[in-house]
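# Structure at a glance
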Amino acid sequence: MVAPLPGFERPRIIHFESALEYAFLCLMLVRDDVHHIREQPPAISYVGTDGRPARHVFDFLVTKTDGERVAVAIKPMQRVLKLNFASELEAVSAAVTKSFADRVLLVTDQHIDREAAAEAARTLAWSRSSLTEVAA
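Residues numbered from 1 in each chain as written. Predicted model: local features only at pLDDT ≥ 70, side-chain atom pairs only at ≥ 80, totals over all residues. Heavy atoms only, no water.

- An unreviewed UniProt entry annotates the protein chain as TnsA endonuclease N-terminal domain-containing protein of Sagittula marina.

Here is the structure:
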């Protein structure tokens, strides 16, 4: 997706891996308080709930205009429950330093307002032709 944000020198391509991530991105890109979005930021090393070393890559690192950085994990609720991901994310959160993010956020399909995401996608589509030219 080609996106303009105040933290980008010019519109750039932001990659996503699922419809849920796309919906989240659309919602973020129409907000006035989002300054920058980085997809797949560097992995966080942590001790898993099984006691073994592990690594986690967040889906996005969102920087807001007030400077707050939010590390975002996006998963369907069914996978969150099946994998006990909320417990694992607590372990990851404990390893996140303030230099990486101020807080961690889990977003599931139950958190996304589908109508709002569709409206955000339509809003972004209106500006897409001019963004494609700028990003090229």
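## Points about the pattern of salt bridges
- In the structure shown here, the tally under the stated rule is eight salt bridges.
- Residue Asp 50 is joined to Arg 52 by a salt bridge in which the shortest nitrogen-to-oxygen separation is 3.7 Å. Neither Asp 50 nor Arg 52 differs from the other in exposure class; each is exposed.
- Bridged by salt links that share partners, the residues Arg 31, Asp 33, Lys 64, Glu 68 and Arg 103 form one connected network. (Salt bridge = Lys/Arg side-chain N within 4 Å of Asp/Glu carboxyl O. Buried < 20%, exposed > 50% of the residue type's maximum accessible area, 1.4 Å probe, protein only.)

## Quick notes on the layout of surface pockets
- In this structure, the largest pocket encloses a volume near 220 Å³.
- The set of elements that each furnish at least two residues to the lining of the largest pocket consists of helix 1 (19–29), strand 6 (60–64), strand 7 (69–74) and strand 8 (103–107).
- Ranked by the residues each element gives to the lining of the largest pocket, the list is headed by strand 8, at four residues.
- A breakdown of the residues in the lining of the largest pocket according to their chemical character gives eleven nonpolar, one polar and three charged. (1 Å grid on protein atoms, 1.4 Å probe; cavity = no way out; pocket = protein on both sides within 12 Å on 5 of 7 lines; lining within 4 Å. Points joined across faces, edges and corners; volume = space filled by probe spheres on them. Helix = DSSP H or I, 4+ residues; strand = E, 2+ residues; numbered from the N terminus. Nonpolar A, V, L, I, M, F, W, Y, C, P; charged D, E, K, R; others polar.)

## What to know about the UniProt feature "domain: TnsA endonuclease N-terminal" (unreviewed entry) in the protein chain
- Taking the UniProt record as the reference, the feature "domain: TnsA endonuclease N-terminal" (unreviewed entry) is found at residues 32–81.
- End C-alpha to end C-alpha, residues 32–81 measures 33 Å, and it is 10% helix and 50% strand. (UniProt positions renumbered as here; feature names shortened; annotations may be inferred.)

## Focus: helix 3 (residues 85–95)
- Among the residues of helix 3, those classed as buried are Phe 85, Glu 88, Leu 89, Ala 91 and Val 92. All buried residues of helix 3 fall inside an arc of 155° around its axis, so they share one side. Opposite the packed face of helix 3, turned more than 90 degrees from it, sit the exposed residues Glu 90 and Ala 94.
- For helix 3, the elements touching its buried residues are strand 4 (44–47), strand 5 (53–56), strand 7, helix 2 (77–83) and strand 8. (Arc of directions from axis to C-beta. Contact = heavy atoms within 4.5 Å.)

## A word on helix 1
- For helix 1, the tally of buried residues reaches nine of eleven residues, placing the bulk of the element in the interior.
- Residues of helix 1 that are buried include every one of Leu 20, Glu 21, Ala 23, Phe 24, Leu 25, Cys 26, Leu 27, Met 28 and Leu 29, and no others.

## With respect to the environment of Phe 24
- For Phe 24, the position within the fold is in helix 1.
- A relative accessible area of 4% places Phe 24 in the buried class.
- In this structure the C-alpha to C-alpha distance between Phe 24 and Ile 44, which are 20 residues apart in sequence, comes to 22 Å.
- Sequence-distant contacts of Phe 24, defined by excluding residues within four places in its chain, comprise Phe 60, Val 62, Val 72, Ile 74, Val 107 and Ile 112.

## A closer look at the pairing of strand 6
- In terms of burial, strand 6 is largely enclosed, as five of its five residues are buried.
- Across the two faces of strand 6 the burial is the same, with Phe 60, Val 62 and Lys 64 and Leu 61 and Thr 63 all buried.
- Here strand 3 (residues 34–39) runs beside strand 6; their pairing, made up of five bridges, is antiparallel. In the strand pairing of strand 6, Val 34 is matched with Lys 64.
- Counted along the chain from strand 6 to the antiparallel partner strand 7, the turn is four residues long, and its residue Gly 67 has a positive phi close to 95°. (Pairing = 2+ DSSP bridges.)

## Here we look at the packing of aromatic side chains
- Tallied over the full model, the rule gives three aromatic pairs.
- Ring plane angle 45° and centroid distance 5.2 Å describe the contact between Phe 16 and Tyr 22, whose orientation is recorded as tilted.
- On the basis of relative accessibility, which here comes to 33%, the residue Phe 16 falls in the partly exposed class.
- Overall, Tyr 22 belongs to the partly exposed group, its relative accessible area being 27%.
- An angle of 35° between the planes, with centres 6.1 Å apart, marks the rings of Phe 58 and Phe 100 as tilted. (Phe/Tyr/Trp six-rings, centres within 6.5 Å; stacked < 30°, edge-to-face > 60°.)

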